[in-house]
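Chains, contacts and geometry: an overview
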Amino acid sequence: MNHRIHRHGTIDSTSERAFAALVDGSARHGDVHVAQAQTRGRGRLGRAWHSAPGEGLYASLVLLPPRPWPPAALTVAVGLAVLDAVRGLGTDRARLKWPNDVVVPGRDGDAKLSGILVETRGLALDRPHYVVGVGVNVAQRAFPPELLAERPVTSLELEGVRADTETVLQAFLRAVPARLDAITDAPAALARDYAAATGLVDGTRVHVDAGDAPLTGTLCSFDVTAGVRVVDDGGRGHAFPLDIVRSMARDAGSGDV
Ligand code: BTN
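**Describing the overall build of the protein chain**
Scanning the protein chain from terminus to terminus reveals five helices and twelve strands. Scaling as 2.2 N^0.38, a compact globule of 257 residues should have a C-alpha radius of gyration of about 18 Å, and the protein chain matches this with 18 Å. In the protein chain, which comprises 257 residues, the proportion classed as buried is 49%. The contacts in the protein chain between residues at least 6 apart in sequence include a share of 61% that link residues at least 24 apart. With an accessible surface of roughly 12100 Å², the protein chain has 50% of that area assigned to carbon and sulfur atoms. Across the protein chain, 28 positive and 30 negative side-chain charges occur, with their mean positions spaced 1 Å apart.

**Some thoughts on the sheet that holds strand E4 (residues 95–97)**
What the seven strands build is an open sheet, ordered E1-E2-E3-E7-E6-E5-E4; its pairing is mixed. The open sheet has two free edges, formed respectively by strand E1 (5–11) and E4, since each of these has just one partner strand. Between one strand axis and the next, the sheet turns through 25° on average, direction left out of account. Pairing analysis gives three bridges linking E4 to strand E5 (residues 101–106), with the strands arranged antiparallel. Paired with Arg 95 across the strands is Val 103, a residue of E5.

**As for the site of the ligand**
Neighbouring the ligand are 20 residues; Ser 13, Gln 38, Arg 42, Arg 44 and Lys 112 lie closest to it. Between the ligand and Arg 42, the relevant distance is 2.7 Å, taken from a nitrogen atom to a main-chain nitrogen or oxygen of the residue. Between the ligand and Arg 44 there is a distance of 2.6 Å, counted from an oxygen atom to a backbone nitrogen or oxygen. A total of 420 Å² of accessible area belongs to the ligand in isolation, and the protein chains cover 99% of it. It is strand E6 (residues 109–119) that provides the largest number of residues to the shell around the ligand, a total of four residues. When grouped by side-chain class, the residues that make up the shell around the ligand number six nonpolar, ten polar and four charged.

**Focus: the packing of helix H2 (residues 71–88) against helix H4 (residues 165–185)**
Packing of H2 against H4 brings their axes to within 8 Å, and their N-to-C directions diverge by 145°. At the point where H2 passes H4, the crossing takes the right-handed sense. Together, Ala 73, Leu 74, Ala 77, Val 78, Leu 80, Ala 81, Val 82, Asp 84 and Ala 85 of H2 and Ala 171, Phe 172, Ala 175, Val 176, Arg 179, Leu 180 and Ile 183 of H4 make up the contact between the two elements. In terms of residue class, the contact of H2 with H4 is made up of 14 nonpolar, no polar and two charged.

**Regarding unusual backbone geometry**
Cis rather than trans, the peptide bond between Trp 98 and Pro 99 has omega equal to -10°. Note on placement: Pro 99 falls in the loop between E4 and E5. You will see that Leu 45, though not glycine, has its phi angle at about 55°, which is positive.

**Focus: the sheet that holds strand E11 (residues 237–240)**
The five strands are arranged E11-E10-E9-E8-E12 in an open sheet whose pairing can be described as antiparallel. Two strands close off the open sheet at either side, each with one partner strand: E11 and strand E12 (245–250). When strand polarity is set aside, the average angle formed by the axes of neighbouring strands in this sheet is 40°.

**Concerning the nonpolar core**
Among the nonpolar cores identified, the biggest contains 61 residues, and Phe 172, Leu 180, Phe 222 and Met 248 are the most heavily contacted of them. In terms of residue count, the dominant contributor to this core is H2 (twelve residues). Beyond its immediate stretch of four places on either side in the chain, Phe 172 contacts Leu 61, Val 78, Ala 81, Val 82, Ala 85 and Val 134. Counting eight residues, the second largest nonpolar core, distinct from the first, contains Ala 18, Phe 19, Leu 64 and Val 131.

What counts, and at which threshold
Residues numbered from 1 in each chain as written. Predicted model: local features only at pLDDT ≥ 70, side-chain atom pairs only at ≥ 80, totals over all residues. Heavy atoms only, no water. Helix = DSSP H or I, 4+ residues; strand = E, 2+ residues; numbered from the N terminus. Rg over C-alpha atoms; globule rule 2.2 N^0.38 Å. Buried < 20%, exposed > 50% of the residue type's maximum accessible area, 1.4 Å probe, protein only. Contact = heavy atoms within 4.5 Å. Areas by Shrake-Rupley, 256 points an atom, 1.4 Å probe, with all protein chains shown as cover. Lys, Arg positive; Asp, Glu negative; His and termini not counted. Charge placed at Lys NZ, Arg CZ, Asp CG, Glu CD. Pairing = 2+ DSSP bridges. Axes fitted to C-alpha atoms, helices over the stretch in contact; angles between N-to-C directions. Near = heavy atom within 4 Å. Polar contact = N/O pair within 3.5 Å; in protein donor to acceptor, adjacent residues only side chain to side chain. Nonpolar A, V, L, I, M, F, W, Y, C, P; charged D, E, K, R; others polar. Left-handed = near helix turned anticlockwise from the far one by under 90°. Core = buried A, V, L, I, M, F, W, Y, C linked by side-chain atoms within 4.5 Å.

What follows is the structure, encoded as structure tokens:
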């Protein structure tokens, strides 16, 4: 994959820049927008992404594949690519949490190291288009109290890994092609690696929030295209396409991965 890297100072959002380039026709497959800081960095579910100057990697990758990918498969693939990158830099304990938060288990629970936002829009383009926004906490030694009030967070620095944002970006860009190729060439391997990274292996007790009511049961199968199958405690089977699963985690009683 050929990368043209567009470097920005302080901007609203790297993903907004990527979409602007898609709209004006200048975007190419593999383009990357990276910023020093973002004033309107956004996360999943309408949340903001704290983007202090120089402390994190704020990057968006433009993908223009010949055929559409199942959205959930893309989500899984880029989550694994970020995990490959941060583990390769030395955070061996990092793992994925549904759908693709990169977290490090700690005393107070899973601390978020990286978040990924995959977006597509109904642009008048003749090819499918995706913008993969990646935020990685790199050099932070402390976080604002309002962020810590939401959940535990960590950075590579706090995990004892000295790396600059450019090194993290390059590690991600090295990891991403193989993970994207696996969407079509090796989806079973992708699902297997995702299960290992999340602890969501078949037979695990899980808590799933999808459809109408959250349920607890046993995970029967996870497939990046077919979705997830769970048998509840009453023996009833449930099948969910991945894109309607709001959250899925090991049931609290089932111990650590
Ligand atoms: C999440 O909520 O976990 C996803 C966070 C994604 C943040 C990144 S930072 C670079 C890119 N630009 C944005 O505005 N958001 C994403």
